[in-house]
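The chain contents come next:
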Amino acid sequence: AYLDESGPELVRVFFGMLSDSEDHAAQACRAALELRSRLNNLNQECETRWFHRLQWGVGISSGPMTVGVYGSLQHFFFSAIGSEIDYSRRLAHGNVRYGSDLLISAKTYNLVHSEMALRALEMFYDPEEEVMTEIYQLLALNENFREEDRIRRDYFWKGLILFREAKYEEALDCFSRSQVPGSDDGPTKFFIGRAQDGLSDPKSIRAEGHHELTEDGHARLIGLM
C-alpha cells in the first residue's frame, strides 16, 4: 500500500497503485479490519485515561484513477486523482450517519464478497452517472464470522427489505432480533430509529431526499451521503 496523506483529519492509503494487484480490494479490507481492532484498543485507553473516545470511520472504494507526479521541482508529489477518492471520503463520513466504522462501495463489494462478511445498509442514486448503487458495512473475514453472526446478519437484511417496503412493524421485529445482547450496534440502532419514525410519521421518510425514480426503491441522492 502507498500512504498518500496522513494527518489528524485524514489518513489516505492506495492499494494496487504502485504495482498491479488482483487482490488490492481484499488487502484494503484486511488492513481496515486490523485498523479497527487497534483503534478499538486505543479507544479503551483514551476512555480510561481521559474519559473521551476517538471519532473515526473508514471508507473503501475501488475503481480507476489517474496516477502521476505533480507539483514544482522544489516540492512535488506522487499521488492520484479520480472520483473514487471523493467517494471513499464520503463513505468515511457516512459512518457518522449510521454509527458504523467500516463502509465499502458496491464496486469493492463485488471484488471481496467471497472473502469478507458484509451487510448492505442503504441505496443511493447518482444523477451524474445515472446509476443506482448500494453501500455495505464490512463486518469481518468470512473465516472469523460465526454462525450466530450470520443468523443476526440475515435478520438485519430481512429487516432492511421490510423497511424498504414500508412494513415498519415487521422491520422493527427483525432489527431487534439482529442485535447482540448488551452491545451497541450503530447501524441496527439507526434503522430501528428510522423504522420507528416510519411508524409515527411516514412522510418524514419520503422527505429525506429520495429520487423521483425511486419512490418505491428507497434510494437517496448520493449528494446526501
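Residues numbered from 1 in each chain as written. Predicted model: local features only at pLDDT ≥ 70, side-chain atom pairs only at ≥ 80, totals over all residues. Heavy atoms only, no water.

In this structure, what is going on with the overall build of the protein? I would like to understand it.
Within the protein, the secondary structure is distributed over 7 helices and 9 strands. The buried share of the protein, taken over its 225 residues, is 40%. Counting only contacts in the protein whose residues sit at least 6 apart along the sequence, the fraction spanning at least 24 positions is 56%. Approximately 13,500 Å² of the protein is accessible, and the part contributed by carbon and sulfur atoms is 50%. (Helix = DSSP H or I, 4+ residues; strand = E, 2+ residues; numbered from the N terminus. Buried < 20%, exposed > 50% of the residue type's maximum accessible area, 1.4 Å probe, protein only. Contact = heavy atoms within 4.5 Å. Areas by Shrake-Rupley, 256 points an atom, 1.4 Å probe, with all protein chains shown as cover.)

What is the right way to read the pairing of strand β8 (residues 131-141) from this model?
Each regular strand shows side chains that alternate between the opposite faces of the sheet. With 9 of 11 residues buried, β8 is to be regarded as a mostly interior element. Bridge count between strand β6 (residues 102-104) and β8: 2 bridges; the pairing is antiparallel. Opposite leucine 103, over in β8, you have glutamine 137 as the bridge partner. As paired strands, strand β7 (residues 116-126) and β8 are joined by 10 bridges and run antiparallel to one another. Paired with alanine 117 across the strands is alanine 140, a residue of β8. Counting the residues in the hairpin turn of β7 and β8 gives 4 residues, including glutamate 130, whose phi is positive at 55°. (Pairing = 2+ DSSP bridges.)

Just to check I follow, could you spell out a nonpolar patch on the surface for this structure?
The grouping of Leu3, Val11 and Val13 at the surface amounts to a nonpolar patch, some 260 Å² of accessible area in total. Residue placement: valine 13 occurs in strand β2 (residues 11-14). (Patch = residues over 30% accessible without salt bridge, like charges linked within 9 Å, V, L, I, M, F, W, Y side chains within 5 Å. Salt bridge = Lys/Arg side-chain N within 4 Å of Asp/Glu carboxyl O.)

Help me understand the pattern of salt bridges in this model?
Side chains that differ in charge, positive against negative, can pair when their charged atoms come close. All chains considered together, the criterion is met by 16 salt bridges. In this structure, the salt-bridge partner of glutamate 122 is arginine 97, at a minimum N-O distance of 3.2 Å. Highlighted residues: glutamate 122 in strand β7 and arginine 97 in helix α2 (residues 83-98), separated in sequence by 25 residues. Notably, a salt bridge pairs arginine 194 with aspartate 197, separated by 3.3 Å at the nearest N-O pair. Within this pair, arginine 194 and its partner aspartate 197 are both found in helix α6 (residues 186-200), separated by 3 residues, close to a single helical turn. A relative accessible area of 11% means that arginine 194 is categorised as buried. The class of aspartate 197 is partly exposed, set by a relative accessible area of 33%. Three or more residues are tied together by salt bridges with common partners; here these are Asp4, Glu5 and Arg12.

Even after reading the chapter, I still don't get the packing of aromatic side chains, so can you show me in this structure?
Geometrically, a pair of aromatic rings is defined through the distance of the ring centres and the angle of the planes. Under the definition given, this model contains 11 aromatic pairs. When the ring centre of phenylalanine 156 is taken as reference, the NZ or CZ atom of arginine 119 above it lies at 4.2 Å. A cation sits over an aromatic face here: lysine 158 above tyrosine 155, 5.5 Å from the ring centre. (Phe/Tyr/Trp six-rings, centres within 6.5 Å; stacked < 30°, edge-to-face > 60°. Lys NZ or Arg CZ within 6 Å of the ring centre and 35° of its normal.)

Please explain α2 as it appears in this structure.
Because each turn of an α-helix spans 3.6 residues, side chains separated by three or four positions end up pointing in the same direction. In this model, α2 (16 residues) spans 23 Å end to end at C-alpha, consistent with the 22 Å of a helix rising 1.5 Å per residue. For α2, the set of buried residues is Glu84, Ile85, Tyr87, Ser88, Leu91, Gly94, Asn95 and Tyr98. (Expected span 1.5 Å × (residues − 1).)

Would you explain the environment of leucine 138 in this entry?
Along the chain, the position of leucine 138 falls in strand β8. Sequence-distant contacts of leucine 138, defined by excluding residues within four places in its chain, comprise Cys29, Ala32, Leu33, Arg36, Asp101, Leu102, Ile104, Met116, Ala117 and Leu118.

So what exactly am I meant to see when it comes to the environment of tyrosine 98 here?
Structurally, tyrosine 98 is set in helix α2. Residue tyrosine 98 is classed as buried on the basis of its relative accessible area, which comes to 2%. With 87 residues separating them in the primary sequence, tyrosine 98 and aspartate 185 have C-alpha atoms 9.5 Å apart.

Please clarify how a negative patch on the surface should be interpreted in this entry.
There is a patch of like negative charges on the surface, built from Asp20, Glu22, Asp23 and Glu115. Topologically, aspartate 20 is positioned in the loop between β2 and α1 (24-50). By relative accessible area, which is 80% here, aspartate 20 ends up exposed. (Lys, Arg positive; Asp, Glu negative; His and termini not counted. Charge placed at Lys NZ, Arg CZ, Asp CG, Glu CD.)

Sorry if this is basic, but what is going on with the nonpolar core here?
Proteins that are soluble and globular tend to have nonpolar side chains buried together. Judged by nonpolar contacts, the single largest core of 37 residues is most densely connected at Ile104, Val112, Met116, Ile135, Leu138, Phe175 and Phe191. Tallying contributions element by element places α1 first for this core, with 6 residues. Every residue in contact with isoleucine 104, bar those within four places of it in the chain, is listed here: Cys29, Ile60, Leu91, Tyr109, Val112, Leu118, Ile135, Tyr136 and Leu138. (Core = buried A, V, L, I, M, F, W, Y, C linked by side-chain atoms within 4.5 Å.)

All we've got here are geometric facts, nothing functional implied.
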